[in-house]
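# An overview of the molecular structure
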Amino acid sequence: MNRTDALRGTVTQVAVVVAAAALVLTGCARDGTAGPPAARAQARDLTYTEDLRIGDAQQRLIRTCMARHGFRYREDRTLTREESRPLRYVQDDVAWARAHGYGSRIRAKEEGARLQNPNGAYRAALPAARRAAYDTALDGGRTAELLRTEEPGGGTVAKRSGGCTGAAEKELYGDPATWFRLDTTASNLRPLYVGKLLHDGRFTTAVHAWSRCMERAGHSYPDPDAARQATRDHPAGQDRAAEARTYAAETRVAVADATCARTVSLGSVGRAREAYYLGRLPKTYRATLDAYRQRRLAALRGAERIVPPRA
């Protein structure tokens, strides 16, 4: 986690840079082991609530560590557990869509919290010497270790690891260099197969069925991403009444989207086809993915000893 991420209270993750990055059907496998477990658990993807708990544990560890260095650090609890649910390419939870649409108000809430982040304000108010000490305590400053690893599609990525942020990550995931390699690889596998998935016959058949269902509901869109993007195309700086109308329109489309996705089983088809392509990746990548999942599972066990589930 770099300084900006830590100040915002977010867990560092290497992003998937690909045009079809919105196609997240299952969520990339994230599992943990801060060391080899005595009895190897079944590797699996974590739920978003489990992933959230690991992030909260990392925040707690950073706060405790910063206090030892004589600094205040506020944990980020901006969103509720329900609000923190990731919005995937296929969203088939009708109740969530009815309550939150496509999450525009959640994003606005998160952005407001980011702009008023208490850690950034606290750091800015420190004298220059203390501010430098704060930075060193938080992420190691300029002396932090530089980690490098290769991405699956080629190219090298790097990040600095040090201070309380690095220590928290190490406690949860084990050796920082090993974790960075596993995380980078697992988080960047999708570009290796997403093109095949997007053109997979079973998947495209399900998307076409979804589109016909949406047409019958009065919403003409070729795929879920198009429906979602259309609801985001509205003027900035709306007054309260205009925002309420925009949100109502967003919610109508989101509910129809989720209803049609459930009707045509788009989510289950997408997950099955993504699993199919994941299973046909080279053996080395599948082994890395398994190790990544194991580390995430162990990190979850550690997190459960540190923080309760988010409300």
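Please refer to the structure placed before this passage.
Conventions used here
Residues numbered from 1 in each chain as written. Predicted model: local features only at pLDDT ≥ 70, side-chain atom pairs only at ≥ 80, totals over all residues. Heavy atoms only, no water. Helix = DSSP H or I, 4+ residues; strand = E, 2+ residues; numbered from the N terminus. Buried < 20%, exposed > 50% of the residue type's maximum accessible area, 1.4 Å probe, protein only. Contact = heavy atoms within 4.5 Å. Areas by Shrake-Rupley, 256 points an atom, 1.4 Å probe, with all protein chains shown as cover. Pairing = 2+ DSSP bridges. Expected span 1.5 Å × (residues − 1). Polar contact = N/O pair within 3.5 Å; in protein donor to acceptor, adjacent residues only side chain to side chain. Disulfide = S-S within 2.5 Å. Salt bridge = Lys/Arg side-chain N within 4 Å of Asp/Glu carboxyl O. Phe/Tyr/Trp six-rings, centres within 6.5 Å; stacked < 30°, edge-to-face > 60°. Lys NZ or Arg CZ within 6 Å of the ring centre and 35° of its normal. Axes fitted to C-alpha atoms, helices over the stretch in contact; angles between N-to-C directions. Parallel < 35°, antiparallel > 145°, perpendicular 65-115°, else oblique. Left-handed = near helix turned anticlockwise from the far one by under 90°. Nonpolar A, V, L, I, M, F, W, Y, C, P; charged D, E, K, R; others polar.

## Overview of the overall build of the protein
Looking only at helices and strands, the protein features 14 helices and two strands. Classification of the 311 residues of the protein by burial places 47% in the buried group. Relative to all contacts within the protein whose residues are 6 or more apart in sequence, the contacts with residues 24 or more apart total 76%. Accessible surface, the protein as shown: approximately 15,600 Å² in total, 51% of it carbon and sulfur.

## Concerning the pairing of strand S1 (residues 145-150)
The side chains of a regular strand alternate between the sheet's two faces. As judged from the six bridges shared by S1 and strand S2 (residues 156-161), these two strands associate in the antiparallel manner. Considered in S2, the bridge of Leu-146 is made with Arg-160. Hairpin connection of S1 to S2: five residues between the antiparallel strands, including Gly-154 at a positive phi of 105°.

## A few points about helix H12 (residues 240-263)
The terminal C-alpha atoms of H12, which comprises 24 residues, lie 34 Å apart, in line with the 34 Å expected from a rise of 1.5 Å per residue. Sitting at the head of H12, Asp-239 places a side-chain oxygen 3.2 Å from the backbone nitrogen of Ala-241. Looking one or two residues beyond H12, the residue adopting positive phi is Ser-265, at roughly 60°.

## Focus: the state of the cysteines
Applying the stated rule across the entire model yields two disulfides. The disulfide bridge from Cys-65 ends at Cys-164, spanning 2.1 Å between sulfur atoms. Here Cys-65 and Cys-164 share a disulfide; its torsion about the S-S bond, -70°, makes the bridge left-handed. Placement of the pair is Cys-65 in helix H2 (residues 48-68) and Cys-164 in helix H7 (residues 163-173), with a sequence separation of 99 residues. With its sulfur 2.1 Å from that of its partner, Cys-213 forms a disulfide with Cys-260. Around the S-S axis, the bridge from Cys-213 to Cys-260 shows a dihedral of about -80° and counts as left-handed. Remark: Cys-260 occurs in helix H12 and Cys-213 occurs in helix H10 (residues 201-216); sequence separation between them is 47 residues. Judged by its relative accessible area of 3%, Cys-260 is buried.

## Quick word on the pattern of salt bridges
Applying the stated criterion across every chain, the model contains 16 salt bridges. One salt bridge connects Arg-296 with Asp-51, and the closest N-O pair in it is separated by 1.9 Å. Of this pair, Arg-296 sits in helix H14 (residues 283-304) while Asp-51 sits in helix H2, and the two are 245 residues apart along the sequence. You can call Arg-296 buried: its relative accessible area is 1%. Relative accessible area serves as the criterion here: at 26%, Asp-51 is assigned to the partly exposed category. When the shortest N-O distance is used, the salt bridge between Glu-169 and Lys-159 registers 2.9 Å. Placement of the pair is Glu-169 in helix H7 and Lys-159 in strand S2, with a sequence separation of 10 residues. Here the two residues Glu-169 and Lys-159 agree in accessibility, since each one is buried. Residues joined by salt bridges that share partners form a network here, namely Asp-56, Arg-60, Arg-63, Glu-75, Arg-77 and Arg-310.

## Here we look at the side chain of Lys-159
Look at Lys-159 and you get buried, because its relative accessible area is 14%. Within the structure, Lys-159 has its side chain in polar contact with the side chain of Glu-169 (distance 2.9 Å).

## Re the packing of aromatic side chains
According to the stated counting rule, one finds six aromatic pairs in the structure shown. Between Tyr-276 and Tyr-277, the aromatic rings sit 5.0 Å apart at their centres with planes inclined by 85°, giving edge-to-face as the arrangement. A relative accessible area of 14% means that Tyr-277 is categorised as buried. Linked through ring pairs, Phe-71, Tyr-122 and Tyr-134 together constitute an aromatic cluster. Here the guanidinium or amino end of Arg-105 rests over the ring plane of Tyr-247, the centre of that ring lying 3.7 Å away. In this structure, Arg-273 is placed above the aromatic ring of Tyr-276, and the distance from its NZ or CZ to the ring centre is 4.4 Å.

## Topic: the packing of H2 against H14
Put simply, H2 and H14 touch, their axes get as near as 9 Å, and they point 60° apart. When the axes of H2 and H14 are compared, the pair comes out oblique. H14 is crossed by H2, and the crossing has left-handed handedness. In contact with Glu-50, Asp-51, Arg-53, Ile-54 and Ala-57 of H2, H14 contributes Arg-296, Ala-299, Leu-300, Ala-303 and Glu-304. The residue makeup of the contact of H2 with H14, split by class, is five nonpolar, no polar and five charged.

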